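One letter stands for each residue in the lines below.
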Amino acid sequence: MRHAEAGAGQAEATRRPAVGDAPVDLVIPYVDAQAPGFRERYVAAHGHEPIPCQTRTLGELRFALRSIEQHLPWIRSVVLVVQDEAHVPDWIERRQLRVVPHEEFLPAEVRQPCFNPPALFAWLYRIPGLAPRYLIWSDDQIALRPLARRRFFSRRATPRCTLEFASIFRADSPRAD
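Residues numbered from 1 in each chain as written. Predicted model: local features only at pLDDT ≥ 70, side-chain atom pairs only at ≥ 80, totals over all residues. Heavy atoms only, no water.

### Details of the overall build of the protein
Working step 1: Helix and strand content of the protein: five helices and four strands.
Working step 2: Reading the protein from its N end, one meets helices and strands in the order α-β-α-α-α-β-β-α-β.
Working step 3: Burial status across the protein gives 35% buried among its 177 residues.
Working step 4: Sequence separation of at least 24 residues holds for 65% of the intrachain contacts in the protein that already meet a minimum separation of 6.
Working step 5: When the accessible area of the protein is evaluated, it comes to approximately 12300 Å², of which 53% is carbon and sulfur surface. (Helix = DSSP H or I, 4+ residues; strand = E, 2+ residues; numbered from the N terminus. Buried < 20%, exposed > 50% of the residue type's maximum accessible area, 1.4 Å probe, protein only. Contact = heavy atoms within 4.5 Å. Areas by Shrake-Rupley, 256 points an atom, 1.4 Å probe, with all protein chains shown as cover.)

Written out as structure tokens, the structure reads:
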């Protein structure tokens, strides 16, 4: 009986924490194409002008932050990742989120400024103080209803990787192709 009790205690000690116990942060990479010097740095890095539909700002960040506050109350902190301070909107209240410029987590050998989202995402784990579990959220991504942790993480606290397709058209409505 002693052996079984010891084994049970050891398994309990090495078990991962439940999702409800693990803090989750949310990271929003953000670029303001109107920031001073952005266009020049982009052209120097790519050899062409930024693509307007990829860099224009329509105020989505404000709605994304509001939806996170309203529908994801279990998020510990929101981290806004920017190239530099010039990319931080004037209306941002820093007591509600943390602003982290690229220089705080990108290694020196990585070419800066970084305009490649997948490359940037690969280094996010180096953000000082970031929770081991975090979500990457786009500035134009909006939560329209409450979303539970279990939608993003399993009971074992591992990430859920699922695709969900939803049509914006009703099945019986005519589509303009």
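After that view, the rundown keeps rolling.
### Points about the sheet that holds strand S4 (residues 133-136)
Working step 1: Taken together, the four strands give an open sheet; going across it, the order is S3-S2-S1-S4, and neighbouring strands pair in parallel fashion. Each having just a single partner strand, strand S3 (98-101) and S4 make up the two edges of the open sheet. The mean angle between the axes of side-by-side strands here comes to 30 degrees, regardless of whether they run parallel or antiparallel.
Working step 2: As paired strands, strand S1 (residues 24-29) and strand S2 (residues 77-82) are joined by five bridges and run parallel to one another. (Pairing = 2+ DSSP bridges. Axes fitted to C-alpha atoms, helices over the stretch in contact; angles between N-to-C directions.)

### A look at the nonpolar core
Working step 1: Among the nonpolar cores identified, the biggest contains 24 residues, and Leu26, Ile28, Leu72, Leu80 and Trp137 are the most heavily contacted of them.
Working step 2: At the level of secondary structure, the elements contributing two or more residues to this core comprise S1, helix H4 (60-71) and S2.
Working step 3: The dominant element in this core, judged by the number of residues it contributes, is H4, at four residues.
Working step 4: Each residue touching leucine 26, except ones within four places of it in the same chain, is listed here: Ile68, Leu72, Ile75, Ser77, Val78, Val79, Leu135 and Trp137.
Working step 5: One finds Val100, Phe105, Val110 and Ile127 within the second-largest nonpolar core, a separate group that totals 12 residues. (Core = buried A, V, L, I, M, F, W, Y, C linked by side-chain atoms within 4.5 Å.)

### As for the environment of valine 99
Working step 1: For valine 99, the location among the structural elements is in strand S3.
Working step 2: Along the backbone, valine 99 and valine 27 are 72 residues apart, and their C-alpha atoms lie at a distance of 9.9 Å.

### Details of H4
Working step 1: Compared with an ideal rise of 1.5 Å per residue, which puts 12 residues at 16 Å, H4 spans 16 Å between its outermost C-alpha atoms and is within 8% of the ideal.
Working step 2: Where H4 is buried, its residues meet S1 and S2. (Expected span 1.5 Å × (residues − 1).)

### Thoughts on the pattern of salt bridges
Working step 1: One pass over the full model with this rule turns up six salt bridges.
Working step 2: Here glutamate 40 ties to arginine 39 by a salt bridge, and the two come within 3.8 Å at their closest N and O atoms.
Working step 3: When the shortest N-O distance is used, the salt bridge between arginine 95 and glutamate 93 registers 2.8 Å.
Working step 4: Exposure remark for arginine 95: the relative accessible area of 71% places this residue in the exposed category.
Working step 5: If you follow the salt bridges from partner to partner, you end up with Arg39, Glu40 and Glu49 in one network. (Salt bridge = Lys/Arg side-chain N within 4 Å of Asp/Glu carboxyl O.)

### Side note on the confidence of the model for the protein
Working step 1: When pLDDT is averaged along the protein, the result is 81; 79% of the residues meet or exceed 70.
Working step 2: With pLDDT under 50 throughout, residues 1-15 is counted as low confidence; its partners more than four residues away or in other chains account for zero contacts. (pLDDT = per-residue confidence, 0-100.)

### Structural notes on the packing of aromatic side chains
Working step 1: Counting across every chain of the model gives three aromatic pairs.
Working step 2: Taken together, a centroid distance of 5.9 Å and an interplanar angle of 45 degrees make the contact between tryptophan 74 and phenylalanine 152 tilted. Placement of the pair is tryptophan 74 in the loop between H4 and S2 and phenylalanine 152 in the segment after S4, with a sequence separation of 78 residues.
Working step 3: Given the relative accessible area of 15%, tryptophan 74 is considered buried.
Working step 4: Looking at phenylalanine 152, the relative accessible area reads 18%, which means it is buried.
Working step 5: A cation sits over an aromatic face here: arginine 62 above tryptophan 91, 4.1 Å from the ring centre. (Phe/Tyr/Trp six-rings, centres within 6.5 Å; stacked < 30°, edge-to-face > 60°. Lys NZ or Arg CZ within 6 Å of the ring centre and 35° of its normal.)

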